[in-house]
Amino acid sequence: MAASHSGVSTNSGLQDTSSDTNDEEKGELCPGFKDVDAFVKYGLGAVLSATKSSAALPQTGDEFDFYRSFPGFQEFCESQGDKLLHCMSQIMQHHGCRSHMRDRNKLTGLEERFDLVVDSNDVILERVGILLDEADGVNRSQQPVMPAGFQPPKIVVSSWNRKGSGSGSRSGMFRLLHAKNVARPQLKFKEKVDNSNTPFIPKIFIKPNAIKPLPPYFTNKQIRKERPEDIDVPAALADFIHQQRTQEHVEDMFAHPYQYELDHFIIPERLLSKPEPQMYKPMAETNCSFIDTLEDLVALNEKLCKLSEFAVDLEHHSYRSFLGLTSLMQISTREEDFIIDTLELRSELYILNEAFTDPAIVKVFHGSDSDIEWLQRDFGLYVVNLFDTHQASRALNLARHSLDHLLTHFCKVDSDKRYQLADWRIRPLPEEMVQYARTDTHYLLYIYDCVRAQLLDFNHGQPGLLQSVWNKSRDLSLKKYMKPIYTEESYLELQRKQKRSFNTQQLTAFRLLFAWRDKLARQEDESTGYVLPTHMMIKISEELPKEPQGIIACCNPVPPLLRQQVNELHLLVQQAREMPLLKAEIAAQKNKGLTPIKKTEITLFGPHDTSRVSVTDLHPFSPDELPVKQGTLFSDDDNKMDVDAQKTSGLIAAAKITLFEELEAQNEQESLPVAQMKARRIIESFENPFRMYLPSTEVHVNKNAKFDPSSKIFEISKRWKLQSIEQQQKELEEKRKTKEAKEQIKKVTEERNKAKQSYQESLQNVATVRQQAAESAKGGAKKRERVASEVGESTPKPSKKLMKSAEKPQKTEPPAQDSFKPFDYSQSDLNVFAGSKPKDNTQFDPNRQGQDFRKKRTPKGQKSNFGAGGKSMSYLAGKSERGFRHNWPKR
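The rules behind the values
Residues numbered from 1 in each chain as written. Predicted model: local features only at pLDDT ≥ 70, side-chain atom pairs only at ≥ 80, totals over all residues. Heavy atoms only, no water. Helix = DSSP H or I, 4+ residues; strand = E, 2+ residues; numbered from the N terminus. Axes fitted to C-alpha atoms, helices over the stretch in contact; angles between N-to-C directions. Left-handed = near helix turned anticlockwise from the far one by under 90°. Contact = heavy atoms within 4.5 Å. Nonpolar A, V, L, I, M, F, W, Y, C, P; charged D, E, K, R; others polar. Pairing = 2+ DSSP bridges. Buried < 20%, exposed > 50% of the residue type's maximum accessible area, 1.4 Å probe, protein only. Patch = residues over 30% accessible without salt bridge, like charges linked within 9 Å, V, L, I, M, F, W, Y side chains within 5 Å. Areas by Shrake-Rupley, 256 points an atom, 1.4 Å probe, with all protein chains shown as cover. Salt bridge = Lys/Arg side-chain N within 4 Å of Asp/Glu carboxyl O. Phe/Tyr/Trp six-rings, centres within 6.5 Å; stacked < 30°, edge-to-face > 60°. Lys NZ or Arg CZ within 6 Å of the ring centre and 35° of its normal.

(A) Quick look at unusual backbone geometry. The omega torsion of the bond from Arg427 to Pro428 falls at -5°, within 30 degrees of zero and hence cis. One can find Pro428 in the loop between α16 (403-411) and α17 (431-442). The residue after Asn556, namely Pro557, is reached through a cis peptide bond having omega 0°. As for its position among the elements, Pro557 is in the loop between α24 (548-553) and α25 (560-564).

In structure tokens form, the structure reads like this:
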């Protein structure tokens, strides 16, 4: 609508106001808007009104169909839809997106239009993100430019030799800066590089600005230079003497020399106040000095001691050295820049400790984590009163924390990072590399002022956040350089980082190659990546080539030292191939004493389960000492077991896997001559026609593995022969209890048999009632006399069960009877059958009123007290009132 209103004007008015509008448009961001805020405010209002209008439209469904039935509403919707599609297509064309519809089909046209809108949104939002990053200081628009001419591939020891399209360099091609023919600077060092596998000892021997004096170990050169081989004694005694001497100074040797000074360092108040950023000088107007002599270094130290702050940075080279080399040092003040040749002045740079350890001078670094360690390792330099701009950038939560970003954010300078990883051993240095080295420190003091001011503003003028940055920087100053030490477990850390799964042969090859690479790198003073890169070492370990040519084929390009030592590597690979191929890849960790994997608690227990008992806790039983017992699930012959067979002190199951029985068989075969062994093999081949298809144990299992206690085969072969102590104790206890129970049962059985026998013997001399009656009849009605038993004899009272068992055979065989003769009862004495007390009849008599039919049995030895009270007193016992008894049937 604004466009339509502006378009309605006369020709004369347009000519008169043309000059005025041109002047206004020059001061406006876009026609009708003064600045960005006005445009954003208008745009948000337009979007809000459009959203409200779209919400007021009829909803999809019955409501929309009802309005759609009116021709006026239908025509209005079609016209507005065409206008919206035309506007959208113009926006898409402006951003370079496809906007014309090729498919006019009603079925697929809507889906294709929707895809076009989605793709266009992605493109537009991506451009918005790029513009926002550029506004925040992150430049993502640089694209690499390929070289103009093609060159054959070379081994280039260089870095980012790429150039962005926006760089203002003079030539369109870049130079390859490599160090193929550079002489090794280690050969010129006065002190040889110490690549030994011993801890690092600080190089400092003078301690300027000291509050606590330097320990005597560092000041006395005689003590430091003493070597074990210099003593005129045997080698073993020389090592012992050297250990005793160094043991006295072990605490001083590995302590930070400026630990006390840094712990007691207090930040001055002026460094916690808000500074006024002091603008840097242009690099063209700043003097740059290259220092490579001792006189220039002394003059530089005097200048630095008079300053209140200076910036420091280092350039490092690590590809052609085992520990690495600090190749260059850049120092910048407010007025001039200095570049120090640290390769030439390596042994004299300790002079700068006077300025570096002065607590009144601020040393500004960026990312000093590695710089502090390199200064200690190569020069013996330490830093007191350090400020790290990297820590300040993190405290400010900037988008990025690199020096490149800080230069762009604060100084509006685009640094060229093509030489960041270049070979800084090149002498003389090219002009491009000198300018790059100056850039790292030239602007650093201005950034130091800016971040301090922002840290105070960010924390509302309070110095707490700035104080935390000073404290973190002081912690970085306390870092100590640690030399890489090789141990037997060093390769495991690298193997975990690679996240590769190795079997025992591959892991052994990886371990041997790792040790070979470390040893050769220390000897030749080369980096491990130069001797054998890690990815090539992993490739060789996985493939395990059988020939030296296979090792070379695994490497592309072939490292020079590997080509020289390929035969030695081939022997190492062969040694790894001879190891037993086991599936346990953590076997090496167990052998090296690392923490084993914890096993889960097992609640069940079996006779062959030794998972919860170590092998050392078991008794050293051998198969010859104990009899072998076959395992059974159910035993039905427990009562028939012999007592002597239970004297075993353990249980050893017979081997079901013949692999574990080959040790003894092999010893037997070794004693046989060759002819008999050959004949035995032929006989065995006839016994089993399928033997030729069975796997041969000699091929798949190494013989050395069976006798090696660290192998899995040895462990498995010993497990089935042993049993846990708990199970053995339980079995022994059960066997002892079973033996005691059986002995007790046997004694009881013998006592019963003796009692039964004595009872039967006593019954032989006792006459029955019938025999006594017959004898009395023959004796002429003589009274039965009781025979007095001899003194000391007593007949045991037989039990009822034993009496019945004794009477049974008498009933089956009745005695032979004489001719029947009626007995004359008139001549017999009937008083013999009369008891002393009349017994109550056990049969029920209804005439008796006081009869207690159910009598209780009185225990033996006790008197019954209820007899008198339980009987009726109106009649005599055993008599009825009517004078007769009823013969009731027995129950």
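Let us keep going from here.
(B) Local environment of the packing of helix α20 (residues 490-498) against helix α21 (residues 504-524). With their axes 10 Å apart at the nearest point, α20 and α21 run at an angle of 115° to one another. Between α20 and α21 the crossing geometry is right-handed. On α21, the residues that touch Ser490, Tyr491, Leu494 and Gln495 of α20 are Leu507, Phe510, Arg511, Phe514 and Arg517. Looking at side-chain class alone, the contact of α20 with α21 contains 5 nonpolar, 2 polar and 2 charged residues.

(C) Quick look at the side chain of Thr508. Residue position: Thr508 is located in helix α21. Excluding its chain neighbours within four sequence positions, the residues that come into contact with Thr508 are Ala576 and Met579.

(D) Quick peek at the sheet that holds strand β3 (residues 325-332). As summarised here, the arrangement of the 6 strands in space is β1-β4-β3-β2-β5-β6, forming an open sheet in which the pairing is mixed. The sheet terminates laterally at β1 (287-291) and β6 (386-388), the two strands that pair on one side only. With direction set aside, neighbouring strand axes in the sheet form an average angle of 25°. In the sheet, strand β5 (residues 362-365) pairs with β6 via 3 bridges, with the strands oriented parallel. Bridging from a neighbouring strand, Val364 pairs with Phe387 of β6.

(E) The arrangement of the pairing of β3 in detail. Most of β3 sits out of view: 8 of its 8 residues are buried. By the bridge criterion, 5 bridges tie β3 to strand β4 (residues 336-341) in an arrangement that is antiparallel. Looking across to β4, one finds that Ser332 is bridged to Asp337. Between the antiparallel neighbours β3 and β4 lie 3 residues.

(F) Broad picture of a nonpolar patch on the surface. On the surface, a cluster of nonpolar side chains totalling about 370 Å² of accessible area is made up of Val36, Phe39, Val40 and Leu44. Note on placement: Val40 falls in helix α3 (residues 36-56). When its relative accessible area of 40% is taken as the criterion, Val40 is described as partly exposed.

(G) Looking closely at the packing of α21 against helix α23 (residues 534-543). For the pair α21 and α23, interaxial distance at closest approach is 8 Å and the crossing angle is 140°. Crossing of α21 over α23 shows right-handed handedness. Here Gln506, Ala509, Phe510, Leu513, Phe514 and Arg517 of α21 lie close against α23, whose contacting residues are Thr534, Met537, Ile538, Ile540, Ser541 and Glu542. The residue inventory of the contact of α21 with α23, partitioned by class, reads 7 nonpolar, 3 polar and 2 charged.

(H) Main features of the packing of aromatic side chains. Here the structure, examined in full by the defined rule, presents 18 aromatic pairs. A ring pair is formed by Tyr258 and Tyr382, whose centres lie 5.9 Å apart and whose planes are at 40°; its orientation type is tilted. Within this pair, whereas Tyr258 is found in the loop between α10 (250-253) and α11 (259-263), its partner Tyr382 is found in the loop between α14 (369-379) and β6, the two being separated by 124 residues in sequence. In terms of burial, Tyr258 and Tyr382 fall into one category: buried. What links up through ring pairs into an aromatic cluster is the set Phe64, Phe66, Tyr67, Phe70 and Phe73. Over the face of the ring belonging to Tyr258 we find Lys207, whose NZ or CZ atom lies 5.1 Å from the ring centre. Its guanidinium or amino end placed over the ring of Tyr530, Arg320 lies 4.2 Å from that ring's centre, counting from NZ or CZ.

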